[in-house]
There are 2 protein chains.
Amino acid sequence: MTKENTMTIREMCDAYDVTPRTLRFYEAKELLQPVRQGTKRLFTKRDRARLKLILRGKRFGFSLEEIRQLLALYDLGDSQATQIRKTREIAAKHLNGMIAQRDELTSAIEELRDQLGWADRILADMDQVEAAQ
Amino acid sequence: MTKENTMTIREMCDAYDVTPRTLRFYEAKELLQPVRQGTKRLFTKRDRARLKLILRGKRFGFSLEEIRQLLALYDLGDSQATQIRKTREIAAKHLNGMIAQRDELTSAIEELRDQLGWADRILADMDQVEAAQ
DNA sequence: AGCAAAGTTTACGTGCACGTAAATGTGACG
DNA sequence: CGTCACATTTACGTGCACGTAAACTTTGCT
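Note that the structure is a prediction, hence the values are computed from the model and not measured.

## A few points about the relation of the copies chain B and chain A
And then number 1: In the superposition of chain B on chain A (RMSD 0.1 Å, axial shift 0.0 Å), the rotation amounts to 179°. Taken together, these values place the two copies in the relation of a two-fold axis.
And then number 2: The share of interface residues of chain B whose copies in chain A are also at the interface is 97%, consistent with both copies meeting through the same surface.

Structure (structure tokens):
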């Protein structure tokens with residue numbers, strides 16, 4: 001990490017467990033904007049913050065395009081009221097979807113737990129039979 | 001719906017909001033096993049139960065291959081102990097992943113709520129300025 | 001100066017989950 | 001018997017998120 005607080009592509013890859021291809025791809029999709037030192041990319045603190053959000057968004061099943069929208073939320077500072085309102089809507093929509101998804105996930109977890117309990121009971125019975133032989 | 005309690009491909013599409021292509025694709029991937037009446041597919045109650053699980057699995061971001069594994073959970077009846085154990089492992093692994101995903105989702109929801117609160121406060125301030133003019 | 005390591009662009013390849021088009025078959029109805 | 005809606009198979013196409021290979025420049029070190 002240089003004194004300007006930037007990181008090379010390899011340092012980024014090691015730090016966040018992604019490939020160079022991925023970082024260049026995200027730049028092409030305008031999710032990251034590393035500065036150039038000659039021909040090389042230098043990733044700033046801002047790029048790192050955005051990458052963290054990208055990776056988390058991906059874990060939630062958001063597409064890169066959706067993530068691009070969400071990232072705009074973090075750049076609201078210089079926006080106009082209408083722009084803020086529009087972006088707010090998108091975020092609220094995502095929020096509702098996420099809450100719904102969490103609820104479904106919760107019930108699915110319950111069901112899976114039941115399944116596991118069932119499997120465990122079957123296995124316990126089988127062990128009994130084995131032990132009796 | 002015929003008296004045998006089966007449905008045609010179109011009835012299935014209407015009932016579950018999927019395309020014929022999707023149902024044939026799932027059959028090719030061995031997720032569904034509709035019976036044939038001549039050349040036509042007839043989807044049974046079992047197929048419908050499995051389709052519901054497929055669609056829910058997809059909402060959780062599971063791949064069709066992962067879903068195929070999960071579906072095996074519901075067919076445990078005639079399996080052997082080792083098979084049950086193997087399947088149990090897969091389910092447990094999924095369960096841990098789902099719980100982790102739900103936890104992440106929960107914290108992401110909190111953060112998004114904060115963001116929305118922030119946007120709302122900015123918008124409120126802007127309304128104040130507008131009203132004062 | 002020279003060489004290897006690491007970076008760059010360009011561009012074709014891949015896996016997944018279907019979409020879409022073409023050609024053909026089938027069955028109920030007037 | 002015709003035809004018309006709906007079904008089927010076969011096979012190529014698509015969008016996404018990168019992987020991978022080739023050819024090249026730049027940088028760090030001896």
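Anyway, onward from the coordinates.
## What to know about the protein's contact with DNA strand C
And then number 1: Near DNA strand C there are 17 residues, and of these Arg41 of chain A together with Thr19, Tyr26, Lys58 and Leu64 of chain B occur at the shortest range.
And then number 2: Sugar and phosphate atoms constitute 71% of the interface atoms of DNA strand C, taking the interface as everything within 4 Å of the protein.
And then number 3: Side-chain polar atom of Arg10 of chain A to a phosphate oxygen of DNA strand C: 3.3 Å apart, as the coordinates give it.
And then number 4: At 3.0 Å from a phosphate oxygen of DNA strand C is found a side-chain nitrogen or oxygen belonging to Arg24 of chain A.
And then number 5: Only α1 (9-16), α2 (20-28) and β2 (40-42) of chain A together with α2 (20-28) of chain B provide two or more residues apiece to the surface near DNA strand C.
And then number 6: Of the residues assigned to the surface near DNA strand C, the class counts are four nonpolar, five polar and eight charged.

Conventions used here
- Residues numbered from 1 in each chain as written.
- Chains lettered and ligands numbered in written order.
- Predicted model: local features only at pLDDT ≥ 70, side-chain atom pairs only at ≥ 80, totals over all residues.
- Heavy atoms only, no water.
- Least-squares fit on C-alpha atoms with pLDDT ≥ 70 in both.
- Contact = heavy atoms within 4.5 Å.
- Near = heavy atom within 4 Å.
- Polar contact = N/O pair within 3.5 Å; in protein donor to acceptor, adjacent residues only side chain to side chain.
- Helix = DSSP H or I, 4+ residues; strand = E, 2+ residues; numbered from the N terminus.
- Nonpolar A, V, L, I, M, F, W, Y, C, P; charged D, E, K, R; others polar.

By themselves, these figures tell us nothing about what the structure is for.
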